[in-house]
Amino acid sequence: MNIYIDLINKHLKKYLQTIENQQLQELMEYSLFPGGKRFRPLLLLTLIDDCQLSLDLGINAACGVEMIHNYSLIHDDLPSMDNDDYRRGKLSVHKQFGEALAILAGDALLTDSFKFFCKGDLDNDTKIKLVTLAAKNAGSNGMVYGQVLDMNPRDNYSLEDVKKIHLHKTKDLISLSIMAGGLIANFDDNKLSVLEEISYYFGLAFQIKDDIDDYQEKSSDLINQKATYPAVVGLKESKRILIDYKNIILNLTKNILGENKFYELVTRVL
Ligand code: GRG
């Protein structure tokens, strides 16, 4: 996967060089580098690669998704949201640079990302579809909706509540990566609907895995008040669902993309 990650990093570095204000540039570099797993842009690039298309066609949208992801993490860590002092083993952006600049850096990443969905050698129709998809999945009926649903913790969550939060907070951005890949590769409606299905299970499975890892690290008292799978269906059942979903994703992937790079990414991430 290193070849893809190098390409993503190269393009994000190039983007950082376009930021005129040095303070903002430093802060956004702090958020984007060394970075996390880059898993969302990897989904898009591996899909494009499996279709034997040039990675150049997907790299801009891939960076756009990573920028939206990093904006969401900066804002999620703020005192008025999750109030986290650390992210990826270092101080969160607001702890390092102050709250006002952290909010602005998130705003800048989100806004600039839209340029990336209409950049590069794609036809205008595809670019319009990509921008619209990004707005839909990140906006008021997408990731932001999921964050709003998750803002007021309750004592009891039903499985349906948890699923709804996960589907918007986590799945919508993962879906943006996968569906953007399908649009760039010019998939027909049948193949796009298989990608929708993969996105659905992938979004849930990714969050269930994160919930399971968290549950095993932290005290169950803390976890039980949260909207997580282990809190609602128990650890054993969460693990069973994760395996089930992973197999569904692998089978669907095999059908439309074969056992190639995207398939390999699924086996590594889940
Ligand atoms: C503030 C609008 C707004 C939304 C925030 C994404 C999000 C919504 C909150 C982050 C907290 C969280 C638990 C999100 C669920 C998705 C998730 C597990 C994110 C972490 O993604 P990774 O593991 O992160 O891909 P890295 O560090 O690898 O980039």
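Residues numbered from 1 in each chain as written. Predicted model: local features only at pLDDT ≥ 70, side-chain atom pairs only at ≥ 80, totals over all residues. Heavy atoms only, no water.

**Quick notes on the site of the ligand**
Here is step 1 of the chain: Around the ligand, the surrounding shell holds 17 residues, and the nearest of these are Lys37, Arg40, His69, Arg88 and Gln207.
Here is step 2 of the chain: Between the ligand and the protein, one listed contact pairs an oxygen atom with a side-chain N or O atom of lysine 37 at 2.5 Å.
Here is step 3 of the chain: Here an oxygen atom of the ligand sits 2.8 Å away from a polar atom, N or O, in the side chain of arginine 88.
Here is step 4 of the chain: Computed on the free molecule, the ligand has an accessible area of 710 Å², of which 89% lies beneath the protein chains in the complex.
Here is step 5 of the chain: Secondary structure elements with two or more residues in the shell around the ligand: α4 (56–77), α8 (143–149), α9 (159–184) and α10 (189–217).
Here is step 6 of the chain: When residues in the shell around the ligand are grouped by element, the largest group, 6 residues, is from α4. (Near = heavy atom within 4 Å. Polar contact = N/O pair within 3.5 Å; in protein donor to acceptor, adjacent residues only side chain to side chain. Areas by Shrake-Rupley, 256 points an atom, 1.4 Å probe, with all protein chains shown as cover. Helix = DSSP H or I, 4+ residues; strand = E, 2+ residues; numbered from the N terminus.)

**Some thoughts on helix α7 (residues 124–138)**
Here is step 1 of the chain: Here α7 spans 21 Å end to end across 15 residues, near enough to the 21 Å set by a 1.5 Å rise per residue.
Here is step 2 of the chain: Those residues of α7 hidden inside the fold are in contact with α4, α6 (99–117), α8 and α9. (Expected span 1.5 Å × (residues − 1). Contact = heavy atoms within 4.5 Å.)

**Structural notes on unusual backbone geometry**
Here is step 1 of the chain: In this model, phenylalanine 33 is joined to proline 34 through a cis peptide bond whose omega is 0°.
Here is step 2 of the chain: Mapped onto the elements, proline 34 comes out in the loop between α2 (22–32) and α3 (39–50).
Here is step 3 of the chain: Phi is positive for glutamine 52, close to 55°, though the residue is something other than glycine.
Here is step 4 of the chain: Tracing the backbone shows glutamine 52 in the loop between α3 and α4.
Here is step 5 of the chain: Looking at glutamine 52, the relative accessible area reads 72%, which means it is exposed.
Here is step 6 of the chain: For asparagine 186, which is not glycine, the phi torsion reads 60° and is therefore positive. (Buried < 20%, exposed > 50% of the residue type's maximum accessible area, 1.4 Å probe, protein only.)

**Observations concerning a positive patch on the surface**
Here is step 1 of the chain: A surface patch of like charges, here positive, comprises Lys10, Lys14, Lys115 and Lys119.
Here is step 2 of the chain: Residue placement: lysine 119 occurs in the loop between α6 and α7.
Here is step 3 of the chain: A relative accessible area of 40% means that lysine 119 is categorised as partly exposed. (Patch = residues over 30% accessible without salt bridge, like charges linked within 9 Å, V, L, I, M, F, W, Y side chains within 5 Å. Salt bridge = Lys/Arg side-chain N within 4 Å of Asp/Glu carboxyl O. Lys, Arg positive; Asp, Glu negative; His and termini not counted. Charge placed at Lys NZ, Arg CZ, Asp CG, Glu CD.)

**A word on the pattern of salt bridges**
Side-chain pairing between opposite charges can occur once the charged atoms of the two side chains come close.
Here is step 1 of the chain: Tallying each qualifying case throughout the model produces 13 salt bridges.
Here is step 2 of the chain: Residue lysine 129 pairs with aspartate 125 through a salt bridge whose shortest N-O separation is 3.6 Å. Of the two residues, lysine 129 and aspartate 125 are both situated in helix α7; the distance of 4 residues between them amounts to about one turn of the helix.
Here is step 3 of the chain: Using a relative accessible area of 46% as the deciding quantity, one classes aspartate 125 as partly exposed.
Here is step 4 of the chain: Between aspartate 213 and lysine 209 there is a salt bridge; the shortest N-O distance is 3.7 Å. In this pair, aspartate 213 and lysine 209 both sit in helix α10, 4 residues apart, roughly one turn of the helix.
Here is step 5 of the chain: Its relative accessible area of 31% is what places aspartate 213 among the partly exposed residues.
Here is step 6 of the chain: Since its relative accessible area comes to 26%, lysine 209 is described here as partly exposed.
Here is step 7 of the chain: Overlapping salt bridges, with partners in common, bring together Asp76, Asp77 and Arg87 in one network.

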